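These are the residues of each chain, in order.
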Amino acid sequence: MLHGTTQKRGWGFWAQLAFTLLVCGFLILPALLSMLAGVTVNFFQGLSSGLTLKWVFQVFELYSDTLLLTLGVALGCLGVTLLIGVPAAYVLTVRQSWLTRLIEEVVTLPVAIPGLAIALALLLTYGGFGEFRRSWGFILVGHVLYTLPFMLRAVMAVLASIDIRTLEEGAASLGAGFWTRFFTVVLPNARSGILAGSLMVVTLSIGEFNLTWMLHTPLTKTLPVGLADSYASMRLEVGSAFTLVFFVMIVPLLVAMQTLSRLERRARSARPLADDRAQAPAVKATAVETVR
Amino acid sequence: MTFAETPRTPVQLRACAKTFADGTRALEPLDLEIAGGETLVFLGPSGCGKTTTLRLVAGLEAPDPGGRVLFDGQDVTPLPIEKREVGMVFQSYALFPNMDVAGNVGYGLRVRRVAEAERAHRVAEVLEMMAIGDLAHRRVDQLSGGQRQRVALARALAVRPRVLLLDEPLTALDAALRERLRVEIDALLRRLGITAIYVTHDQSEAMALGDRIVVMRQGQVAQVGPPREIYFRPANRFVAEFIGTMNLLRGSRRGGRLQLAGGELALTAPGAPGEDLPDAVETEYLFRPEAVEVISPEDASLSGRVASALFLGDRTRLVIEGVTDRPVIAEAAGRREFADGDRVGLALDPRDLLRLPG
Ligand SMILES: Nc1ncnc2c1ncn2[C@@H]1O[C@H](COP(=O)(O)OP(=O)(O)OP(=O)(O)O)[C@@H](O)[C@H]1O
Ligand SMILES: [Mg+2]
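Here the structure is a predicted model, which means the values were calculated and not measured. (Residues numbered from 1 in each chain as written. Chains lettered and ligands numbered in written order. Predicted model: local features only at pLDDT ≥ 70, side-chain atom pairs only at ≥ 80, totals over all residues. Heavy atoms only, no water.)

**Observations concerning the overall build of chain A**
When you go through chain A residue by residue, the secondary structure sums to 13 helices and 0 strands. Overall, chain A shows an N-to-C arrangement of helices and strands of α-α-α-α-α-α-α-α-α-α-α-α-α. Looking at chain A as a whole, 37% of its 292 residues qualify as buried. Looking at chain A alone, contacts between residues at least 24 apart form 73% of all its contacts between residues at least 6 apart. Summed over its atoms, the accessible surface of chain A is roughly 17,100 Å², and 71% of this surface lies on carbon and sulfur atoms. (Helix = DSSP H or I, 4+ residues; strand = E, 2+ residues; numbered from the N terminus. Buried < 20%, exposed > 50% of the residue type's maximum accessible area, 1.4 Å probe, protein only. Contact = heavy atoms within 4.5 Å. Areas by Shrake-Rupley, 256 points an atom, 1.4 Å probe, with all protein chains shown as cover.)

Now the structure itself:
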């Protein structure tokens with residue numbers, strides 16, 4: 001089969017390949033150029049001016065606090081969404097009523113509402129609490145609001161797909177109390193969803209701009225806000241070096257997310273095996289057919 | 001497993017009714033005594049409340065106020081399922097995907113903090129008993145349906161439950177495997193002597209496994225009794241028609257004989273002390289297809305016409321019209337061939353005729 005297609009590849013195939021590569025190139029080129037600019041001595045003179053890590057170091061010098069804050073907020077956000085999201089996803093899956101459906105909808109709202117609007121609402125409501133307003137906790141709250149639905153959805157999807165209620169009843173019939181069930185049956189079986197949700201939350205939190213831009217103070221800037229800041233006020237090479245740093249941070253997360261969802265799909269497609277003994281005669285019969 | 005240790009826990013249900021939050025009345029007040037070591041089968045059409053009753057015994061549902069569940073005389077109504085020490089086998093098996101076979105079977109022992117060595121020993125013992133010793137380290141999703149079923153049973157038995165509860169454990173399997181596992185479960189239950197409650201909507205499963213059968217209908221008990229009694233002495237029309245095939249004869253009774261469209265039938269065997277039944281314009285009798293003997297129409301007082309004949313190998317299933325207002329199903333043994341339209345005579349032992357109250 002495979003050999004056949006190799007031989008029969010006509011001009012249509014090559015035309016499609018060329019077009020695809022062209023589109024990819026068009027999309028990737030700006031990113032590559034931008035990152036390249038970050039390690040060029042002088043972008044306006046071009047690559048001939050030589051390569052350097054100077055700008056990257058300068059970014060670390062100027063914005064290391066931004067980097068730390070971003071990671072801090074992302075991890076804090078992960079912690080909070082795990083703590084709230086996982087139990088909430090469990091409750092929403094197990095106890096289905098109009099109330100839980102309503103809660104689910106409300107919690108999902110921030111995905112659809114522009115980050116700016118959420119930020120404004122937060123400012124209007126809590127902007128008066130000076131200490132809180134100035135702390136990175138304020139940004140954390142915004143990020144939690146924004147990322148929680150993703151954690152919730154990821155965990156709920158897994159819990160729904162494994163019929164967690166019956167699994168729990170099985171565990172209970174064997175003598176397991178609520179907490180034992182939660183830690184030995186619910187959490188381990190929700191693991192893939194929790195992992196997927198976690199990667200999603202961290203990635204979203206690191207890249208979040210809209211909300212954060214509204215909520216930040218000069219002392220609480222996250223990476224994307226710093227990025228905007230450097231584009232506006234620094235030389236082009238520094239801004240580009242910043243882009244490079246951002247890429248280096250975010251790409252591994254994206255790859256991890258892809259890998260995970262692929263593994264997940266493979267696990268999901270596993271079906272119960274046919275019964276060996278019941279199947280055996282049928283298998284033999286076909287074998288005989290083939291020999292003949 | 002040391003069979004001597006198997007508890008033979010009698011179970012009692014006292015006025016157990018169940019009304020769900022949405023107002024569904026799934027079970028009318030039920031009183032039931034299940035003897036220690038007995039296998040009781042709940043049988044009935046879909047939605048009649050079998051699962052609900054089982055879940056009441058398990059402790060997964062609470063009965064309506066006033067209802068009580070007793071194990072060995074002890075009131076367990078307020079106890080949740082994890083304190084009732086029951087073993088439960090679910091229709092979907094509910095095996096834990098995050099553990100291998102040994103992990104699943106040992107789960108109940110782990111929860112009870114049985115020491116590692118003892119646990120491994122008991123798990124191996126139960127796996128051996130279920131003939132799945134070689135699967136101990138398989139992942140659950142690498143098992144076939146029949147193997148999953150065995151693991152589910154092994155898991156429920158490993159904790160030496162007081163009562164074993166099975167909710168349609170074989171429904172998800174194909175017919176041949178179902179038959180084989182049914183025989184195995186039967187042998188296992190007899191050997192263990194454990195009190196078992198088995199839910200099914202398959203009557204042959206119920207007949208084969210049950211010491212007694214509870215036939216249910218719309219949340220009510222239609223009849224309780226041993227399989228033979230349920231089959232041969234159905235208490236009412238519902239049981240008669242739900243279990244196996246029943247023929248209905250409708251006609252008038254005169255002088256101890258039933259007058260039908262296709263002739264007449266003696267209601268008492270010659271010489272037997274017959275009940276003195278009053279004449280009636282309209283009355284109904286029931287009989288099973290295997291009770292009737294297909295003979296030549298000249299020798300019979302009752303006859304009809306073959307509407308269809310289905311050759312089943314060991315016998316031929318006939319649909320006969322013209323006997324009464326409904327077609328009658330009869331089974332003829334032997335080599336005789338039937339063509340549509342043939343006239344046949346029917347002979348029936350009056351003892352096989354069933355008259356239902358009401
Ligand atoms: N949680 C519930 N809430 C409301 N109604 C319920 C609930 N569980 C069951 N019912 C209803 O109670 C009745 C009995 O249900 P049950 O599951 O006991 O039937 P069953 O005899 O086991 O049927 P099946 O053979 O289909 O499993 C049905 O009408 C069902 O719709
Ligand atoms: Mg059921």
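**Some remarks on the side chain of A:Arg133**
Residues and elements named next belong to chain A. Its place among the elements puts Arg-133 in helix 6 (residues 130–134). Among the polar contacts listed, one links the side chain of Arg-133 to the backbone oxygen of Leu-215, at a separation of 2.8 Å. Beyond its immediate stretch of four places on either side in the chain, Arg-133 contacts Leu-123, Gly-127, Phe-138, Met-214, Leu-215, His-216 and Thr-217. (Polar contact = N/O pair within 3.5 Å; in protein donor to acceptor, adjacent residues only side chain to side chain.)

**A closer look at the sheet that holds strand 10 (residues 220–225) of chain B**
Strands belonging to one sheet form pairs held by backbone hydrogen bonds; the direction of such a pair is parallel or antiparallel. Residues and elements named next belong to chain B. Reading across the sheet, the 6 strands line up as 6-7-8-3-9-10 and stay open at both edges, with mixed pairing between neighbours. Of all strands in the sheet, those with a lone pairing partner are strand 6 (86–89) and strand 10, marking the two edges. Ignoring which end each strand starts from, the neighbouring axes of this sheet average 15° apart. Running at roughly 155° to strand 7 (residues 163–167), helix 1 (residues 50–58) makes contact with strand 3 (39–43), strand 6, strand 7, strand 8 (195–200) and strand 9 (212–217) of the sheet. (Pairing = 2+ DSSP bridges. Axes fitted to C-alpha atoms, helices over the stretch in contact; angles between N-to-C directions.)

**Concerning the sheet that holds strand 5 (residues 74–75) of chain B**
All names here are of chain B. The 4 strands are arranged 2-1-4-5 in an open sheet whose pairing can be described as antiparallel. Strands with a single pairing partner mark the edges of an open sheet, and in this sheet they are strand 2 (25–34) and strand 5. Strand direction decides the pairing type here: strand 4 (residues 68–71) and strand 5, joined by 2 bridges, are antiparallel. Directly across from Leu-70, in strand 5, lies its bridge partner Asp-75. Against the sheet, helix 1 touches strand 1 (11–19), strand 2 and strand 4, its axis set at about 120° to strand 1.

**Observations concerning the nonpolar core**
In summary, soluble globular proteins display a tendency toward joint burial of nonpolar side chains. With 141 residues, the main nonpolar core has B:Val105 and B:Leu165 as its most contacted residues. No other element matches helix 3 (residues 54–94) of chain A, which puts 15 residues into this core. When sequence neighbours within four positions are dropped, the list of residues in contact with B:Val105 reads B:Val123, B:Val126, B:Leu127, B:Val151, B:Ala154, B:Arg155 and B:Ala158. (Core = buried A, V, L, I, M, F, W, Y, C linked by side-chain atoms within 4.5 Å.)

**With respect to the domain arrangement of chain A**
Residues and elements named next belong to chain A. The domain architecture assigned to chain A consists of domain 1 (1–38) and domain 2 (55–287). Domain 1 puts 5 residues into the contact, and the matching count from domain 2 is 8 residues. The junction of domain 1 with domain 2 conceals about 510 Å² of combined surface from both sides, 68% of it contributed by carbon and sulfur atoms. Area buried by domain 1 at its contact with domain 2 is led by Met-35, Ala-37 and Gly-38, which between them contribute 78% of it. Summed over the shared surface of domain 1 and domain 2, the result is 0 salt bridges. Where domain 1 packs against domain 2, one counts 0 residue pairs in polar contact (both at pLDDT 80 or more). Residues belonging to the side of domain 1 that touches domain 2 are distributed by class as follows: 3 nonpolar, 2 polar and no charged. (Domains from an automatic or database assignment. Buried area = accessible area lost by both parts, 1.4 Å probe. Salt bridge = Lys/Arg side-chain N within 4 Å of Asp/Glu carboxyl O. Nonpolar A, V, L, I, M, F, W, Y, C, P; charged D, E, K, R; others polar.)

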